[in-house]
Amino acid sequence: MSSHVVITGVAAITPRNAAETAPGRIEGIAAADAGQPASRSEHNRHTRLSRLTLAVVRACLSDAELRLEAGPDATVGLVGASSYGCVDTTDGIFRTMREKGPAAIDAVEFAKATHVFPLTATATELGIAGPVTAFVSSASASVEALAFARDLIQAGQCGAMLVVGFEEITEVVARNLAARGLLPLPSPVTPRIGEGMAAILLESAEAAAARGALARAELRTIAIRCLTAADPIDQIERTMHRALDGLELSTSSPASIILSGDVAAGVEREALRRVAARRPIGDVRTPPCWLGNQLGASMAVRLATLLDGGRVPSDARAPILLNAIDTRGNAAAVGILTAARGFEERAP
Amino acid sequence: MTDSIVVTGLGVVTAAAIGAGAFWQHLLAGEPYLAAPPTFDAEGFRSKRAAIVDPTKVAAALRPGHPEIAARLPVWAPPCASYGLLAALDALGSAGLDAPSWRPAGISIGTTSGGAMDEFSAACSSELTLPVFADAAPAHSAMTAIATALALEGPASSISSACTSSAMSIMNAAFRLRAHDADIMLAGGCDQVRSADFGGFNALRAMAPDGCRAFDAHRRGMVMADGAAFLVLERESHACRRSARPLARLKGIGAASDAYHLTAPHPDGLLRAMRTALADAGLDAGAIDYVNCHGTGTPANDKAEAQAMACLFGRDGGRPLVSSTKTTTGHLLGTAGALEAAVAVLVLTHGVVPPMTTVTTPDPELVQPLPLGGPHPVQARHVMSNSLGFGGTNASLVFASL
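As the structure is a prediction and not an experimental result, all values here were calculated from the model. (Residues numbered from 1 in each chain as written. Chains lettered and ligands numbered in written order. Predicted model: local features only at pLDDT ≥ 70, side-chain atom pairs only at ≥ 80, totals over all residues. Heavy atoms only, no water.)

Some points on the interface of chain B and chain A
With 72 residues of chain B in contact, the opposing surface of chain A contributes 64 residues. Taken together, both faces of the contact between chain B and chain A bury some 5,300 Å²; the carbon and sulfur share is 61%. Viewed at the interface, chain A and chain B are joined by six salt bridges. Across the pair Arg 176 of chain B and Asp 151 of chain A runs a salt bridge, and its minimum N-O distance is 2.4 Å. The interface formed by chain B and chain A contains 22 residue pairs in polar contact (both at pLDDT 80 or more). At the level of secondary structure, the elements contributing two or more residues to the side of chain B that touches chain A comprise helix 6 (117–125), helix 7 (131–136), helix 8 (141–150), strand 3 (156–159), helix 9 (165–178), helix 10 (195–203), strand 6 (248–257) and helix 12 (267–281) of chain B. Looking at the side of chain B that touches chain A residue by residue, the classes come out as 34 nonpolar, 26 polar and twelve charged. (Contact = heavy atoms within 4.5 Å. Buried area = accessible area lost by both parts, 1.4 Å probe. Salt bridge = Lys/Arg side-chain N within 4 Å of Asp/Glu carboxyl O. Polar contact = N/O pair within 3.5 Å; in protein donor to acceptor, adjacent residues only side chain to side chain. Helix = DSSP H or I, 4+ residues; strand = E, 2+ residues; numbered from the N terminus. Nonpolar A, V, L, I, M, F, W, Y, C, P; charged D, E, K, R; others polar.)

Listed below in structure tokens is the structure:
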């Protein structure tokens, strides 16, 4: 059983083309959409979301210089994270049912109306035969997926796991966000909700070393606690403490904190104040507005963007804690050791 | 040394039974539940009957039995959240847990498509985007509603990977316990079949109009069903500290994908999942006494599943005993994995495999033995529960007696 899990590849697609040159980034969503051929065969095998997921996974594997084995490769798995998943496909089935009756439902389209479809379609296309599943929750979805992927690796069930955040903002999603009061956002400085995909490749440190891969970061700690009924400040504080526990902090090596930057800012700041009273905390930042908020995919997009931009020497690592907060879901935090310092150099 | 994960409670809500005890009696009777869905008109479909929960029966059991907790269920909660809450309370009660003691627990829920996006979608089409539908629409809304009603403080997750969803949720719960993210995890699933699901499986021609006959030579498909099932999982040391009586040990977990086809299963994926679960359990295939199969009753599923089991266990038919309880319960989609994990635990604790009364002509190509006429006694030490899903997801769980 491996005790250390490292991040060896990242990729992201957002509408903003967050960067054009760094190896882990690929073209923005508009360009990726335009570049997709749509043969009948491909139409049957994919949706827009699965094509984007496939693209970001390919980019991540390329970034990590990981070649899949010929034939089904059971050493690699896929775990997805999304808030709305494939509701657009599901909504299409509902509309067909309402407007034309049950006989009009297309069997192939119905089979795609599962939230895991972008991942299974990608797995089928690339021959990824390890575990495949999807977490569908809110801002913490990517953190939950990271924890599950890490645990699969540490349990020896596979050597590498791709964590894929995927969020598609379609008409029905936008209407739902608006009806829930999440669009338009209450503050102009809050990151805009938008779509995006990101992939992060986790490997056991041993497997990465064996193939000569350099780690972008070590995934050190993950903490998740439910916020739906408990005191949110207390829960966020406890989440952060648990995630900071494994980061081996000292006054010479304090933790950098990247707050969630979402709607629970006041609550999160108060929790941070309490944490800082007991822990060595260094700089505190929020994700830049240009990065956006991709709901269930947001942590994956943030990590992929933070860690993009070149290889990190394994002996130059500092602790960073990233928060994800949803007052109707979880407080979640990810602790990493990395030489990456911030988002600034990744600005478009 | 790793602390074992034990099952200390079970809870079930199906169309035929509310409560794990009633569910076990229903299984032993082996009388399939088939009726017109109480929640939508199925007359326009090729298959018109299913095992769909009547929400009024759930409400009648939930509100008088647990008035304070039921009152905390958000008004926007989707119907399947009521099923899930009732099953969760059944499981927590059988584990000997009360509100203060379950509060630190986490929850891991599997669901197929979850939420009430159909209601929201219909409201959108009539320009009635009411907030009450809006909050219920996302797939994780059932998880949020149940966690709120139970006032849980541990990690809360909602997993959706078609018909492996709740088996994966049990895996996730086991990982949360192994990582000490929680001392107790509620793991399971809840689903409500909508008319569009009915239409979709009809379009796939995967539904049998006359009942599920898994592994029968004349099998014609599945019977759709819905409901909820939960297991209370905890580390053995924690269960011991609070003097809980474990029912079984969750010995091994494994998952793998086929990487093959959108709907057609391939035996290699399940084979890999079973081998991984056995390796996780530290067992050889010969140690498994009983397998609760996915066994939907569709020709393709049962054939692929039988091929995978023949490859792992051999073709001599000597062991293990194999059955599909979907012949009695129907297919609870994303909840099936948790329901059948509960069956696996009940088989261990009662020493009996429920019958498959709908199977009259076992397919000679599928060589595994089946309990047909009535309940079959078995002195099982290790049992396996398998789940397969659209897109080629597979999950395998191994439970051990104590």
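Details of the pattern of salt bridges
All names here are of chain A. Within this structure, the stated rule accounts for 37 salt bridges over all chains. Lys 112 is paired through a salt bridge with Glu 109; the nearest N and O atoms lie 3.1 Å apart. Between Asp 245 and Arg 279 there is a salt bridge, with the nearest N and O atoms lying 2.6 Å from each other. Placement of the pair is Asp 245 in helix 10 (residues 232–245) and Arg 279 in the loop between helix 11 (265–276) and strand 8 (281–285), with a sequence separation of 34 residues.

With respect to the packing of aromatic side chains
Going through the model one piece at a time under the given rule, you end up with seven aromatic pairs over all chains. Where Phe 148 of chain A meets Phe 175 of chain B, the ring centres are 5.6 Å apart and the plane angle is 75 degrees; that geometry is what we call edge-to-face. In this pair, Phe 148 of chain A sits in helix 7 (residues 141–154) while Phe 175 of chain B sits in helix 9, so the two residues belong to two different chains. For Phe 148 of chain A, a relative accessible area of 0% gives the class buried. The class of Phe 175 of chain B is buried, set by a relative accessible area of 2%. In this structure an aromatic cluster arises from ring pairing among Phe 110 of chain A together with Phe 201 and Phe 390 of chain B. (Phe/Tyr/Trp six-rings, centres within 6.5 Å; stacked < 30°, edge-to-face > 60°. Buried < 20%, exposed > 50% of the residue type's maximum accessible area, 1.4 Å probe, protein only.)

A few points about the packing of helix 7 of chain A against helix 9 of chain B
Contact geometry for helix 7 of chain A and helix 9 of chain B: axes closest at 10 Å, N-to-C directions at 75 degrees. In this view, helix 7 of chain A runs roughly perpendicular relative to helix 9 of chain B, as classed from their interaxial angle. Taken together, the residues of helix 9 of chain B that come into contact with helix 7 of chain A (itself represented by Ala 147, Phe 148, Arg 150, Asp 151 and Leu 152 of chain A) are Met 168, Met 171, Asn 172, Phe 175 and Arg 176 of chain B. (Axes fitted to C-alpha atoms, helices over the stretch in contact; angles between N-to-C directions. Parallel < 35°, antiparallel > 145°, perpendicular 65-115°, else oblique.)

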